[in-house]
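One letter stands for each residue in the lines below.
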Amino acid sequence: MTRHLLPLALAAAIAFPAMAGAADSPPPRIVVTGEGEAIAAPDLALLTLSVMREAKTARAALDANNDAMASVIAAMKSAGIKERDLQTAGIQISPRYNYTNKPDGSQEAELIAYQVTNTLSVRIRDIDKTGEILDKAVSLGVNQGGGISFSNEDPTATVTEARKKAVADAMAKARTLAEAAGVSIGRVLEITDQNVAPPPIPMTAKAFDAARESVPVQAGENSYTVQVTVTFELK
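Residues numbered from 1 in each chain as written. Predicted model: local features only at pLDDT ≥ 70, side-chain atom pairs only at ≥ 80, totals over all residues. Heavy atoms only, no water.

Participant: Could you clarify how one ought to interpret a nonpolar patch on the surface in this entry?
Facilitator: There is a patch of nonpolar side chains on the surface, built from Tyr97, Tyr99 and Leu111 and spanning about 310 Å² of accessible area. With respect to the helices and strands, Tyr97 occurs in strand β3 (residues 86–101). You can call Tyr97 partly exposed: its relative accessible area is 38%. (Patch = residues over 30% accessible without salt bridge, like charges linked within 9 Å, V, L, I, M, F, W, Y side chains within 5 Å. Areas by Shrake-Rupley, 256 points an atom, 1.4 Å probe, with all protein chains shown as cover. Salt bridge = Lys/Arg side-chain N within 4 Å of Asp/Glu carboxyl O. Helix = DSSP H or I, 4+ residues; strand = E, 2+ residues; numbered from the N terminus. Buried < 20%, exposed > 50% of the residue type's maximum accessible area, 1.4 Å probe, protein only.)

Participant: Which parts of the structure should I look at to understand the environment of Thr160?
Facilitator: As for its placement among the helices and strands, Thr160 is situated in helix α4 (residues 156–181). Between the C-alpha atom of Thr160 and that of Tyr224, which follows or precedes it by 64 residues, the distance is 9.7 Å.

Participant: Looking at this model, I keep getting lost on the pattern of salt bridges. Mind explaining?
Facilitator: One side chain can pair with another of opposite charge once the charged atoms of both are near each other. Taken as a whole and judged by the stated rule, the model has 11 salt bridges. Its salt-bridge partner being Arg59, residue Asp63 comes within 2.7 Å of it at the nearest N-O pair. One end of the pair, Asp63, and the other, Arg59, are both in helix α2 (residues 58–78), 4 residues apart, so they sit about a helical turn from each other. Asp193 serves as the salt-bridge partner of Arg163, at 2.7 Å between the closest nitrogen and oxygen. Remark: Asp193 occurs in strand β6 (residues 185–196) and Arg163 occurs in helix α4; sequence separation between them is 30 residues. Of the residues examined, Arg163 reaches a relative accessible area of 29% and is grouped as partly exposed. Judged by its relative accessible area of 39%, Asp193 falls in the partly exposed class. One continuous salt-bridge network, built from bridges that share partners, spans Asp85, Arg123, Arg125 and Glu153.

Participant: Hey, could you run me through the confidence of the model for the protein chain in this one?
Facilitator: Detailed reading of predicted coordinates is not advised where the pLDDT is low. Confidence in the prediction of the protein chain, expressed as mean pLDDT, is 83, and 80% of residues score 70 or more. Note that residues 6–16 has pLDDT below 50 and, in this model, 0 contacts with residues that lie over four places away or in other chains. The model gives residues 201–212 a pLDDT under 50, and that stretch makes 23 contacts with residues more than four places away or in other chains. (pLDDT = per-residue confidence, 0-100. Contact = heavy atoms within 4.5 Å.)

Participant: For this particular structure, what's the right way to read the nonpolar core?
Facilitator: A general trend in soluble globular proteins is that nonpolar side chains are found buried together. By size, the foremost hydrophobic cluster in this structure holds 21 residues, and its most contacted members are Leu49, Val72, Met76, Ile81, Leu120, Val122 and Ile124. Counting only elements with at least two residues in this core, the list comes to β2 (44–55), α2, β4 (107–124), α3 (130–139) and β5 (144–151). Of all hydrophobic cores here, the second largest spans 17 residues; its members include Val159, Ala174, Tyr224 and Val230. (Core = buried A, V, L, I, M, F, W, Y, C linked by side-chain atoms within 4.5 Å.)

Participant: How do you make sense of α4 when you look at a structure like this?
Facilitator: Since one α-helical turn is 3.6 residues long, residues separated by three or four positions face the same way. Across its 26 residues, α4 extends 37 Å between first and last C-alpha, which sits within 8% of the 38 Å expected from 1.5 Å per residue. Restricting attention to buried positions, one finds in α4 the residues Thr158, Val159, Ala162, Ala166, Ala170, Ala174 and Ala178. Of the residues flanking the end of α4, it is Gly182, one or two places downstream, whose phi is positive at about 80°. (Expected span 1.5 Å × (residues − 1).)

Participant: Any chance you could explain the side chain of Thr231 here in plain terms?
Facilitator: Structurally, Thr231 can be placed in strand β8 (residues 222–234). Aside from chain neighbours lying at most four places away, what touches Thr231 is Arg29, Ile30, Val31, Arg187, Val188, Leu189 and Glu190.

Participant: Just checking my understanding: could you explain the environment of Leu234 for this structure?
Facilitator: Looking at the element boundaries, Leu234 is found in strand β8. For Leu234, the contacting residues outside a window of four places in its chain are Pro28, Arg29, Ile30, Ala178, Val183, Ser184, Ile185 and Gly186.

As structure tokens, then:
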């Protein structure tokens, strides 16, 4: 009797894992992406200002640059910019050569001067002063292209609003797709999100050259976008 039952026991042992595997298979699902946008008026202006000075020696170029940048920093502070909102972003010292073509096709390099560039990042909390501060900086020696962008010190509430809109958008898309397929959505299995920050507005060297008394600056609005990917169970 035992010999007859043994093959049956082995068959059952093999069948049970297969049945368990079928029970563990994931339920049908749908993955959708939603997007939400919220607008906020900026309350911070971020400037990148560069001073370049040139001289026959690196020492002379650095000294001239130091004097010019010291005047720019002093002007920033007199305009109400705090120490914590001023940061040196980089100092570069580079030689400048004049190249002459020789009869044999090679080039002869002659050292003409040294250039020193000092870059300062400025955070302006009173946006209405942005044009005035930029004008002062140019008048005192800023002569290289930099950048200007407008941001928000705490965009949490705006991003939260955009995130809610993105989830609602994803749910609406999922319902539409499920209805078209003749099914319905069930519980949410997974949500991931990605924030898209507003891009900076570039400011070229020509803009500095054209600076006048009270540079016109428009802060506009910041658009915060959130994308979410939501996985729904299908019923």
